[in-house]
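A structural walkthrough
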Amino acid sequence: GRTFTRGAAVEIAVTHDDFAPAVENLDWQPEMGELAIPDIVLGAGSLVTGLVTGPFGTPVAAATVRIELQIEGRFGPDGQGPGPGGAGGSSGPGGGGPRGGRGPDGAGLRALLPEATTDHAGRFAFTHVPAGAAVFSATAPRHVDGRSARTQLEDGLRVDVGEVKLGPGAEL
């Protein structure tokens, strides 16, 4: 094992094919003694579907869709996006919050979330998306990126986020 003399941030990631992923962020200091790892309860997550369309409402095939979970009042990896307030944060000593992964920047949970590719009809689907607020972003060649409206997800729900509209673009 490794000895820590000044403390450490510990991140525990849990995945299972039939559940939403979870990450627990813990802070440990030497005076705390042994690191206590809490139970990490996996939720069912949501089944999320949607449609990516171009500037004239036509479906966009082969677009890449990403999940941007709201973390500490921000969306996605760049911290940009609509919506005030924040889900997540700490839930007790060294806690990573409910469902975990919503620690300082949520990078651990984001790393566990898959990307989807739209089918020939522009449709996409994600299974087992963790509960919380999310935005779904889409990118495709020769289009300007688009984002869905902010959506609140809960375990066990089927949610259709509607259209993610891409703008007109060009490749240079």
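Bear in mind the structure is a predicted one, so any value in this text is a computation, not a measurement.

Some points on the overall build of the protein chain
Each helix and strand in the protein chain was counted, giving 1 helix and 13 strands. Beginning at the N terminus, the succession of helices and strands in the protein chain can be written as β-β-β-β-β-α-β-β-β-β-β-β-β-β. In the protein chain, buried positions account for 40% of the 172 residues. In the protein chain, 64% of the contacts between residues at least 6 apart in sequence involve partners at least 24 apart. Of the roughly 9,500 Å² of accessible surface on the protein chain, a fraction of 52% belongs to carbon and sulfur atoms.

Focus on the environment of T118
By the secondary structure assignment, T118 is in the loop between β6 (116–117) and β7 (123–129). Between the alpha carbons of T118 and V65 there is a distance of 7.5 Å; along the sequence they are 53 residues apart. Leaving out residues up to four positions away in the same chain, T118 has contacts with V52, V60, A61, A62, A63, V65, R123 and F124. Of the polar contacts made by the side chain of T118, one reaches the backbone nitrogen of A62; its length is 2.9 Å. Among the polar contacts made by the side chain of T118, one reaches the main-chain amide nitrogen of A63 at a distance of 2.8 Å.

A few points about the side chain of T49
Its location among the elements puts T49 in strand β3 (residues 46–53). Residues within four places of T49 in sequence aside, it is in contact with R123, F124, A125, V159, D160, V161 and G162.

Brief notes about the confidence of the model for the protein chain
Model confidence for the protein chain is summarised by a mean pLDDT of 80, while 75% of its residues fall at 70 or above. pLDDT under 50 marks residues 72–104. Its contacts with residues more than four places away, or in other chains, come to 81 contacts.

Re the sheet that holds β7
Spatial strand order, β7-β3-β12: 3 strands in an open sheet with mixed pairing. Strand pairing shows two members of the sheet lacking a second neighbour, β7 and β12 (158–165), which therefore form its edges. With direction set aside, neighbouring strand axes in the sheet form an average angle of 20 degrees. Examined bridge by bridge, β3 and β12 share 6 bridges and lie parallel to one another. Looking at the pairing, V48 lines up with V159 of β12.

What counts and what doesn't
Residues numbered from 1 in each chain as written. Predicted model: local features only at pLDDT ≥ 70, side-chain atom pairs only at ≥ 80, totals over all residues. Heavy atoms only, no water. Helix = DSSP H or I, 4+ residues; strand = E, 2+ residues; numbered from the N terminus. Buried < 20%, exposed > 50% of the residue type's maximum accessible area, 1.4 Å probe, protein only. Contact = heavy atoms within 4.5 Å. Areas by Shrake-Rupley, 256 points an atom, 1.4 Å probe, with all protein chains shown as cover. Polar contact = N/O pair within 3.5 Å; in protein donor to acceptor, adjacent residues only side chain to side chain. pLDDT = per-residue confidence, 0-100. Pairing = 2+ DSSP bridges. Axes fitted to C-alpha atoms, helices over the stretch in contact; angles between N-to-C directions.

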